[in-house]
Amino acid sequence: MQDLHNWLESAIKPVPRSQTVEVGGAEVHFLRWPGPDRPAQPRPGVLFVHGHAANAHWWDWTAPALLDRFDVVALDLSGNGDSDHRDVYTSHLYSEEMLAVAAAAGLQRPILVGHSFGGTLARLACHLHPAAFRALLLVDSALPAHRSRRPPPPLPRSRVRHYESLDAAVQRFRLRPPQPAPDPAILRHVADHSVLREPDGYRFKLDPGIFARMTAEPDYPDAHSMLAAMTIPCGLVYGARSRFFPPETVEAVQHLFAPDRLRGVANAHHHLFLDEPRLSITTIRDVLISLLEDD
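Everything numeric here is computed off the predicted structure, so don't read it as measured data. (Residues numbered from 1 in each chain as written. Predicted model: local features only at pLDDT ≥ 70, side-chain atom pairs only at ≥ 80, totals over all residues. Heavy atoms only, no water.)

**Q** Summarise the overall build of the chain; cite the residues concerned and give the values.
**A** If you tally the helices and strands in the chain, you get nine helices and ten strands. Against the 2.2 N^0.38 benchmark of 19 Å for 295 residues, the chain shows a C-alpha radius of gyration of 18 Å, consistent with a compact globule. Counting across all 295 residues of the chain, residues that qualify as buried make up 51%. Across the chain, contacts joining residues at least 24 apart in sequence account for 76% of those joining residues at least 6 apart. When the accessible surface of the chain is split by element, carbon and sulfur atoms take 51% of a total near 14000 Å². One finds the centroid of the 30 positive side-chain charges in the chain at a distance of 2 Å from the centroid of its 34 negative side-chain charges. (Helix = DSSP H or I, 4+ residues; strand = E, 2+ residues; numbered from the N terminus. Rg over C-alpha atoms; globule rule 2.2 N^0.38 Å. Buried < 20%, exposed > 50% of the residue type's maximum accessible area, 1.4 Å probe, protein only. Contact = heavy atoms within 4.5 Å. Areas by Shrake-Rupley, 256 points an atom, 1.4 Å probe, with all protein chains shown as cover. Lys, Arg positive; Asp, Glu negative; His and termini not counted. Charge placed at Lys NZ, Arg CZ, Asp CG, Glu CD.)

**Q** Explain helix H3 (residues 117–128) residue by residue, including any values.
**A** If you check H3, its first and last C-alpha atoms are 17 Å apart, about what twelve residues at 1.5 Å a residue would give, namely 16 Å. Turning to H3, its buried residues are Gly118, Gly119, Leu121, Ala122, Arg123, Leu124, Ala125 and Cys126. Elements in contact with the buried residues of H3: strand S3 (45–49), helix H2 (91–104), strand S5 (111–115), strand S6 (135–139) and helix H6 (223–228). (Expected span 1.5 Å × (residues − 1).)

**Q** Before we move on, can you summarise the pattern of salt bridges with the specific residues and values?
**A** In the structure shown here, the tally under the stated rule is twelve salt bridges. Salt bridges here are not isolated pairs; linked through shared partners, they connect Arg32, Arg43 and Asp71. (Salt bridge = Lys/Arg side-chain N within 4 Å of Asp/Glu carboxyl O.)

**Q** Go over a positive patch on the surface, please, and point to the residues and values.
**A** A contiguous patch of positive charge on the surface is contributed by Arg157, Arg159, Arg161, Arg172, Arg174 and Arg176. The topology assignment puts Arg159 in the loop between S6 and helix H4 (166–170). Of the residues examined, Arg159 reaches a relative accessible area of 66% and is grouped as exposed. (Patch = residues over 30% accessible without salt bridge, like charges linked within 9 Å, V, L, I, M, F, W, Y side chains within 5 Å.)

**Q** Please give an account of the nonpolar core that cites residues and values.
**A** Grouped together as the largest cluster of nonpolar side chains are 44 residues, with contacts concentrated most on Met98, Leu112, Leu136, Leu143, Leu227, Leu236 and Phe257. Beyond its immediate sequence surroundings of up to four residues, Leu112 is in contact with Leu47, Val49, Met98, Ala122, Ala125, Cys126, Phe133, Ala135, Leu136 and Leu137. Within the second largest apolar cluster, 41 residues are counted, among which are Ala63, Val72, Leu175 and Ile281. (Core = buried A, V, L, I, M, F, W, Y, C linked by side-chain atoms within 4.5 Å.)

**Q** Which residues make up the environment of Leu93, and what are the values?
**A** With respect to the helices and strands, Leu93 occurs in helix H2. Remark: the alpha-carbon pair of Leu93 and Thr215, spanning 122 residues in sequence, is separated by 11 Å. Leave out the neighbours within four places in its chain, and Leu93 touches Gly24, Arg86 and Val88.

**Q** Hey, could you go over the pairing of S5 for me, with residue numbers and the actual values?
**A** Among the five residues that make up S5, five are buried, leaving the element largely enclosed by the rest of the structure. Because side chains alternate across S5, one face comprises the buried residues Ile111, Val113 and His115, and the other comprises Leu112 and Gly114, equally buried. With four bridges connecting them, S3 and S5 associate as parallel partners. Directly across from Phe48, in S5, lies its bridge partner Val113. For S5 and S6, the ladder comprises five bridges, and the chain directions are parallel. Paired with His115 across the two strands is Val139, which belongs to S6. Considered for its hand, the β-α-β crossover made up of S5, H3 and S6 is right-handed. (Pairing = 2+ DSSP bridges. Right-handed = clockwise from strand over helix to strand, strands pointing away.)

**Q** Describe the sheet that holds strand S2 (residues 26–32), and please don't skip the residues or the numbers.
**A** Picture the strands of a sheet paired through backbone hydrogen bonds; they go either parallel or antiparallel. On the basis of which strands lie adjacent, the open sheet formed by eight strands has the order S1-S2-S4-S3-S5-S6-S9-S10 and mixed pairing. The open sheet has two edge strands, strand S1 (17–23) and strand S10 (262–265), and neither has a second partner. Ignoring which end each strand starts from, the neighbouring axes of this sheet average 20° apart. Inspection of the sheet shows S6 paired to strand S9 (residues 234–239) by four bridges, in the parallel sense. (Axes fitted to C-alpha atoms, helices over the stretch in contact; angles between N-to-C directions.)

**Q** Run through the packing of H2 against H3, naming residues and quoting values.
**A** Close contact between H2 and H3 brings their axes to 9 Å; oriented N to C, the two are set at 80°. What the angle tells us is that H2 and H3 run roughly perpendicular. Between H2 and H3, the contacting residues are Ser91, Tyr94, Ser95 and Met98 on the first element and Leu121, Ala122, Leu124, Ala125 and Leu128 on the second. For the contact of H2 with H3, the class distribution of residues is seven nonpolar, two polar and no charged. (Parallel < 35°, antiparallel > 145°, perpendicular 65-115°, else oblique. Nonpolar A, V, L, I, M, F, W, Y, C, P; charged D, E, K, R; others polar.)

**Q** Report on the packing of aromatic side chains, specifying residues and quantitative values.
**A** In this structure the tally under the stated criterion is seven aromatic pairs. Seen from their ring centres, Tyr89 and Tyr94 are 6.1 Å apart, and the 15° between their planes marks the pair as stacked. Relative accessible area serves as the criterion here: at 1%, Tyr89 is assigned to the buried category. What makes Tyr94 buried here is its relative accessible area of 1%. (Phe/Tyr/Trp six-rings, centres within 6.5 Å; stacked < 30°, edge-to-face > 60°.)

Following this line, the structure appears as C-alpha cells:
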C-alpha cells in the first residue's frame, strides 16, 4: 500500500496550469500539463473528458505519464469542476466546449479520451465534428446498441447543501455508479477537487441539475451505428469488472474496434483509473499509440 502512495505522490508532481475559455456565455476551465522544454518534434494532442460528477483532476496521475509522447489537456465540462454552471445544457454545447478548449490550448486535431458520460459526449463530438479530432478513445463508456428515450429527471431541490468543513464534505463523497472503494488516498484526491469553499461552508462543485436541464437530443444514431460510421480510428479501454462491460457486451462490440484497440483492465471496475491506476495508464498509453498509427 505504501508503494502505491509513494507512486501517487510522485505521479501527480507535474502541476498543470489552470486556464479558462468562454463558450456560449460560460467560462470553461481546463488544465494543461507542462511538457518537455524543447521537444524534438511537435507532440500529438490528447484532450481528456471526465465523466458525470467528475472533473479534470481525475486525470491528475494519468496525464503526466503521457507527457513524453503527447501534449495533454483535460477540461471541466460546464456544470462540473471549476467551470460555470448553465441554465441549459446540450450535447452540441459540450462539443463546442471541447473544440474551444482544444483551440485555446493550441491542440490541433487532438485525440479525444472520454470516460463514462464524458465518453458519450466525446463520441458525439467526433460524430458532429469528425475533421476536428484525430481519434477517439472511450474509457468504460457504455455503448448501447439501441437508443432509449427517457424523460428528463425533475430538478433537484434548489437549496445547496453546505458542510461545515472540507472533511465533512469529503465524507459524503460517493462514486457513481456504486463500486468497491479504491485506495483511500486516491479517493481523497478526487474528492478534495470536487468540493468548493464558500462563505456558507463547503459544497460540491457539481451542478446537480445537469440532466434535468439538458435539452432533448437530436435523432443521433445509436452508439454501435455511430462508431461503425466513424471516419477516425477508435479505441475502447474498459474495466474487466465493470457493470457496463460484462463478457457478452465485450463480445458484442468487438467488431467496432481493432483487436489492439479493445483492451480490458484486470481487477478494475467502472472507475478503472482509480481502481488500477498504473495498469490503466499503461493500457491507455498503449491504445493511444496504436491510434496514432492510422494518422
